[in-house]
Amino acid sequence: MTAVAGGGRPSLAFFDVDETVIAEKSMIAFWEYWVASQPAPAPAPAPVAADVLEPPVAADAPEPPADAAATRDREALNRAYYRRYAGVPPAVLEASGRLWYDGYRRGGAAFVLPAVDAVAAHRAAGRDVVLVSGSMRPLLDPLAEELGVSRVVCTELVVGADGVLTGEVHRPMIGEAKAEAALRIMRERGADPADCFAYGDHESDLALLRAVGTPVVVGDSPELNEEAERFGWAVLPARRGPLRAARAVSAGDARATGTLREHSASMVCMCSL
């Protein structure tokens, strides 16, 4: 049941994911897992360093608006990141994503607790919760299932005619793309943006935050906290901790394990030729 605002309109809550709901950058954490899980040594792209998604800025560079600069940089790096998975069958990436998440979720500081509590509070109030992220569906769907999130909007990967990933994406779900997606969903649902909520931790989330009536900043981003102070937005601390409700390995995790074993076996066979 969806919460309704005045006049019977639905009310929605949109959440960025990385460092808003989970404590790490999912793409970096997953890449490390992916490389370590490959069955045979092979030449690989350079590791994804912490500044891959947070590129340094030259001291003498001009100063465009913080959200515009952050969006431009993240879009380019987002596309470059996904090219690493060219040639991978989607089912293998999905299976590996579920196994990564099952390990990640057990960490003692894996989640941003105030944001996880906010997800639960919105669900308890009957609101549909939507994850809006530049990360990919294989990493986000398991999180959404566990938190009871109704919808995931993310960077979607392109599958070629041969059934494997091309390494390209349809559009990075970053910056204005997040706001446009949220506005589209609100229109589809007949929701007034003034009745809706959004949560984000980074200046590239500003467009999303500005698209709703109740923006909430998570963490200590100087740009977002400045906006919060100026406009009276709420700010949540980025306090890390474990997910409180543990769950057993699901049937989906078991299927993921089987899919990866089949893929690993085929790779070993190819390497022995």
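Residues numbered from 1 in each chain as written. Predicted model: local features only at pLDDT ≥ 70, side-chain atom pairs only at ≥ 80, totals over all residues. Heavy atoms only, no water.

Engineer: Is there a simple way to explain the overall build of the protein chain in this structure?
Structural biologist: What the protein chain contains, in helices and strands, is nine helices and 10 strands. In the protein chain, which comprises 273 residues, the share counted as buried stands at 48%. Here the contacts in the protein chain between residues at least 6 apart in sequence split such that 67% fall between residues at least 24 apart. When the accessible surface of the protein chain is summed, it comes to about 12800 Å², and 57% of that surface belongs to carbon and sulfur atoms. (Helix = DSSP H or I, 4+ residues; strand = E, 2+ residues; numbered from the N terminus. Buried < 20%, exposed > 50% of the residue type's maximum accessible area, 1.4 Å probe, protein only. Contact = heavy atoms within 4.5 Å. Areas by Shrake-Rupley, 256 points an atom, 1.4 Å probe, with all protein chains shown as cover.)

Engineer: Whenever I open this one, helix α3 (residues 90-104) confuses me. Can you help?
Structural biologist: Count 3.6 residues to each turn of an α-helix, and residues three or four apart come out pointing the same way. Taking 1.5 Å of rise per residue, 15 residues should cover 21 Å, and α3 covers 21 Å from first to last C-alpha, within 8% of that figure. The complete set of buried residues in α3 reads Val92, Leu93, Ala95, Ser96, Gly97, Arg98, Trp100, Tyr101, Asp102 and Tyr104. (Expected span 1.5 Å × (residues − 1).)

Engineer: Explain the environment of leucine 139 to me, please; I cannot follow it from the model alone.
Structural biologist: In this structure, leucine 139 sits in helix α5 (residues 137-147). Along the sequence, leucine 139 and serine 96 sit 43 residues apart, while their C-alpha atoms lie 8.7 Å from each other. The residues touching leucine 139, leaving out its near neighbours within four places in the chain, are Ser26, Met27, Phe30, Gly97 and Trp100.

Engineer: Would you take a moment to explain the sheet that holds strand β4 (residues 151-155) for this structure?
Structural biologist: Strand pairing within a sheet occurs via backbone hydrogen bonds; the two strands may be parallel or antiparallel. Read from one edge of the open sheet, six strands run β4-β3-β1-β7-β8-β9, paired in parallel fashion. The sheet is open, and its two borders are formed by β4 and β9 (234-236), each paired with just one other strand. The average undirected angle you get between the axes of adjacent strands in this sheet is 20 degrees. Direction of pairing for strand β1 (residues 12-15) relative to strand β3 (residues 128-136): parallel, over a ladder of four bridges. Each bridged residue has a counterpart across the sheet, and for phenylalanine 14 the counterpart in β3 is valine 130. (Pairing = 2+ DSSP bridges. Axes fitted to C-alpha atoms, helices over the stretch in contact; angles between N-to-C directions.)

Engineer: Sorry, what's going on with the packing of aromatic side chains here?
Structural biologist: The geometry of an aromatic ring pair is captured by two quantities: the separation of the ring centres and the angle between the planes. This model, assessed by the stated rule, comprises 13 aromatic pairs. A ring pair is formed by tryptophan 34 and tyrosine 85, whose centres lie 5.7 Å apart and whose planes are at 75 degrees; its orientation type is edge-to-face. With tryptophan 34 in helix α1 (residues 26-37) and tyrosine 85 in the loop between α2 (66-82) and α3, this residue pair connects regions lying 51 residues apart in the sequence. Looking at tryptophan 34, the relative accessible area reads 6%, which means it is buried. For the ring pair tryptophan 100 and tyrosine 104, a centre distance of 5.2 Å and an interplane angle of 25 degrees mean the geometry is stacked. With tryptophan 100 and tyrosine 104 both in helix α3, this residue pair falls four residues apart, about one helical turn. Of the two residues, tryptophan 100 and tyrosine 104, neither departs from the other in class, the shared state being buried. Pairwise contacts between aromatic rings join Phe30, Trp31, Tyr33, Trp34, Tyr81, Tyr82, Tyr85, Trp100, Tyr101, Tyr104 and Phe111 into one cluster. Over the face of the ring belonging to tryptophan 31 we find arginine 84, whose NZ or CZ atom lies 4.7 Å from the ring centre. (Phe/Tyr/Trp six-rings, centres within 6.5 Å; stacked < 30°, edge-to-face > 60°. Lys NZ or Arg CZ within 6 Å of the ring centre and 35° of its normal.)

Engineer: Would you explain the side chain of glutamate 146 in this entry?
Structural biologist: By the secondary structure assignment, glutamate 146 is in helix α5. Of the residues examined, glutamate 146 reaches a relative accessible area of 19% and is grouped as buried. A distance of 2.8 Å separates polar atoms of two side chains, one belonging to glutamate 146 and the other to arginine 105. (Polar contact = N/O pair within 3.5 Å; in protein donor to acceptor, adjacent residues only side chain to side chain.)

Engineer: I keep staring at the pairing of strand β7 (residues 197-200) and nothing clicks. Help me out?
Structural biologist: Every regular strand shows the same layout, with side chains that alternate between the two sheet faces. What you see with β7 is no split at all: Phe197 and Tyr199 on one side and Ala198 and Gly200 on the other are buried throughout. When β7 meets strand β8 (residues 214-218), the two strands line up parallel, connected through four bridges. In the strand pairing of β8, glycine 200 is matched with valine 217.

Engineer: How should unusual backbone geometry be read in this particular structure?
Structural biologist: For residues besides glycine, phi is generally negative; the peptide bonds are generally trans as well. Unlike most non-glycine residues, glutamate 19 shows phi in positive territory, near 65 degrees. Looking at the element boundaries, glutamate 19 is found in the loop between β1 and α1. On the basis of relative accessibility, which here comes to 24%, the residue glutamate 19 falls in the partly exposed class.

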